[in-house]
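Residue-level listing of the chains:
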Amino acid sequence: MKSRLLAGTALVAGAALLTSCGLPTAQARIPDDWEPRGSVPAVVAFAPGGGSDRSARVIAQALNERELGFDVNVENKEGGSGAVGWSTFLAEEGNGNTLLVAETALNTLPQVYDVPFTYRDFTPLVMFARDSRMVVAPVDSAFSTCTDVVEASRAGRVVSGSSGRTGADALAVAGLEDNGAQLDVVPYGSTGEVITALLGGQVALAPASAAAAKPYVESGDLKPLCTLSPERFDDPVLGSVPTAREQGIDAEVVLWRGVFGAGGIAPVQRDYWIREIEAAMDSDTYRDYIAEDLLEPADVSGEEFAAFLADYDEQMAEVFQ
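Residues numbered from 1 in each chain as written. Predicted model: local features only at pLDDT ≥ 70, side-chain atom pairs only at ≥ 80, totals over all residues. Heavy atoms only, no water.

## Remarks on the packing of aromatic side chains
- Under the criterion given, the structure shown has eleven aromatic pairs.
- An aromatic cluster is present here, built from W34, F70, Y272 and W273 joined pairwise through their rings. (Phe/Tyr/Trp six-rings, centres within 6.5 Å; stacked < 30°, edge-to-face > 60°.)

## Things to note about the sheet that holds strand β5 (residues 134-138)
- Strand order in this open sheet of three strands is β8-β5-β9, and the pairing throughout is antiparallel. For this open sheet the edge positions go to β8 (206-208) and β9 (222-227), each flanked by a neighbour on one side alone. Averaged over all neighbouring strand pairs, the angle between strand axes comes to 40 degrees, with direction disregarded.
- Looking at chain direction, β5 and β9 are connected through five bridges and run antiparallel. Bridging from a neighbouring strand, A137 pairs with K223 of β9. (Pairing = 2+ DSSP bridges. Helix = DSSP H or I, 4+ residues; strand = E, 2+ residues; numbered from the N terminus. Axes fitted to C-alpha atoms, helices over the stretch in contact; angles between N-to-C directions.)

## Thoughts on helix α7 (residues 210-219)
- Three or more residues of α7 are buried, namely A210, A213 and V217. Along the axis of α7, the buried residues cluster in a sector spanning 70 degrees; they form a single face.
- Summarising the contacts, the buried residues of α7 are in contact with β5, β8 and β9.
- The positive-phi residue at the C-terminal boundary of α7 is G220, with phi of around 90 degrees. (Buried < 20%, exposed > 50% of the residue type's maximum accessible area, 1.4 Å probe, protein only. Arc of directions from axis to C-beta. Contact = heavy atoms within 4.5 Å.)

## Concerning the environment of W34
- Here W34 shows up in the segment before β1 (38-44).
- Expressed as a C-alpha distance, the spacing of W34 and G96, which sit 62 residues apart in the sequence, is 9.5 Å.
- Non-local contacts of W34, meaning those with residues more than four positions away in its chain, are made with G96, N97, V268, Q269, Y272 and W273.

## A word on the state of the cysteines
- A full pass over the atoms with the stated rule returns one disulfide.
- Disulfide pairing places C146 opposite C226 at an S-S distance of 2.0 Å. Given an S-S torsion of about -80 degrees, the disulfide between C146 and C226 has left-handed geometry. With a gap of 80 residues between them, C146 in helix α4 (residues 146-155) and C226 in strand β9 connect regions that are remote in the sequence.
- Taking relative accessible area as the criterion, C226 reaches 0% and is therefore assigned buried. (Disulfide = S-S within 2.5 Å.)

## Remarks on the nonpolar core
- Grouped together as the largest cluster of nonpolar side chains are 51 residues, with contacts concentrated most on W86, L106, W256 and F260.
- Excluding its chain neighbours within four sequence positions, the residues that come into contact with W86 are A45, F46, S81, L100, A102, E103, A105, L106, L109, F117 and F122. (Core = buried A, V, L, I, M, F, W, Y, C linked by side-chain atoms within 4.5 Å.)

## Description of the side chain of S55
- Note on placement: S55 falls in helix α1 (residues 51-64).
- Given a relative accessible area of 1%, S55 falls into the buried group.
- Discounting chain neighbours no more than four positions away, the residues touching S55 are V101, F128, R257 and Y289.

## Points about unusual backbone geometry
- Positive phi outside glycine occurs at E67, with the angle close to 50 degrees.
- Positionally, E67 belongs in the loop between α1 and β2 (70-76).
- You can call E67 exposed: its relative accessible area is 72%.
- Residues other than glycine seldom take positive phi values, yet L294 does so here, at roughly 55 degrees.
- With respect to the helices and strands, L294 occurs in the loop between α9 (284-292) and β11 (296-301).
- With relative accessibility at 15%, the residue L294 sits in the buried group.

## Concerning helix α3 (residues 105-112)
- Of all eight residues in α3, six are buried, a share of seventy percent or more.
- Buried within α3 are the following residues: A105, L106, N107, T108, L109 and Q111.
- Contacts from the buried residues of α3 go to α2 (83-89), β3 (99-103), β10 (254-261) and α10 (302-320).

What follows is the structure, encoded as structure tokens:
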């Protein structure tokens, strides 16, 4: 497993995703001044309340604030760790009047399960944020660092929670295990369930996003053991938490969040959405989201986003195969 799970992007040809040979014949009739109309669904493949849902609602709100003559409405189609929503979105082939807000599990899920899609079945538009993970434990835990976890797991059973087997938490667990930790992992359906398990003493530790963990660290219910971010968080509550690398653990987890169009949409439709999503990111709604959720802003679009995804997919293949 590569210890750094996010590599730099490089421009490569992504035109195969967009060439006319794969587009419906009807696209020849799409005018150069095409614009969306009516209600535009923004599909998110996870339940309301989680990080993916929040990111979709931020993008929808930022677009709607631009008053472009259509309304973006978030549609949650949860199930199967994302498989239900992404499988459903396959049926939108050629439809430029719909969006998909997705994240790293779109790369990892097809590496583990037999599903009818990969990220290549959709049209990359804009990657708008990078996310990371930290590791937390109950405040009365004997663990103070992630190094403590690695050492204790070699001597006895250590149980970690995880919100799923293929998403961000799974990558965090893999990072610890790649550095010698031997963890028993209990999968839960959401980050909220993981936090509940931590507070109830069902698990000894768990990965979590900084946004999810911070209120419980601030209240004194949980304590942070390390972050899996490239650098310490720029935050008054979490800024003192050392990275895993500072503790001698060669592990880093950085995830992407982005927007896709349906597969096979016309170039004019792709270009419209890239332009308007990038404009929507120049808003207080987007900037507040990045700051409040302790994310790193990103603005990687079109073919560059496709190139990033191809490289990321190869890295995930090494992790999960």
